[in-house]
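# Coordinate inspection notes
Given next are the chains, with one letter for each unit.
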Amino acid sequence: MEKVLALLLVALAVAYAVPDPRGVIINLEAGEICMNSAQCKSECCHRESSLSLARCAAKASENSECSAWTLYGVYYKCPCERGLTCQVDKTLVGSIMNTNFGICFDAARSEE
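Definitions and cut-offs
- Residues numbered from 1 in each chain as written.
- Predicted model: local features only at pLDDT ≥ 70, side-chain atom pairs only at ≥ 80, totals over all residues.
- Heavy atoms only, no water.
- UniProt positions renumbered as here; feature names shortened; annotations may be inferred.
- Disulfide = S-S within 2.5 Å.
- Helix = DSSP H or I, 4+ residues; strand = E, 2+ residues; numbered from the N terminus.
- Buried < 20%, exposed > 50% of the residue type's maximum accessible area, 1.4 Å probe, protein only.

If you check an unreviewed UniProt entry, the protein chain appears there as Colipase from Equus asinus. Per UniProt, the protein chain has the following entry under Subcellular location (unreviewed entry): "Secreted".

The structure is reproduced here in structure tokens:
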């Protein structure tokens, strides 16, 4: 009987030791502080200004402002959701200065 109780306690200890699927460094939820977009579930690490902390945010929806790409992994405007395209002038200077903003649109819908 004591062995069964000890085995049950060990099983409970192992069950509580299993890590939470939400990450501390990666797999971050919206609103959590990040340093790079690769850390976020949404793949967008967003900051309001150069002095603000970057936080994970949802990707841009249709007709929202967006960034096509960034060199640093932190966006001032998040990239578009899957299936949408960021209509923007893609220049190297815009990527370096992080000023290459555009508008998300559905390319499939605009072809109709």
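## Comments concerning the state of the cysteines
This model, assessed by the stated rule, comprises five disulfides. Shown here is the disulfide that connects C40 with C56, its sulfur atoms set 2.1 Å apart. Taking the sign of the S-S torsion, about -80 degrees here, the bridge from C40 to C56 comes out left-handed. Here C40 is found in the loop between α1 (2-17) and β1 (45-46), whereas its partner C56 is found in strand β2 (residues 55-56), with 16 residues between them in sequence. Like C56, C40 is buried. Here C80 engages in a disulfide with C104; their sulfurs sit 2.1 Å apart. Classification of the bridge connecting C80 and C104 rests on its S-S torsion, roughly -105 degrees, and on that basis the disulfide is left-handed. Linking C80 in the loop between β3 (65-67) and β4 (85-87) with C104 in strand β5 (residues 101-105), this pair joins segments that are 24 residues apart in sequence. By relative accessible area, which is 0% here, C104 ends up buried. Along the protein chain, the cysteines that take part in disulfide bonds pair up as 1-4, 2-5, 3-7, 6-9, 8-10, counted in sequence order.

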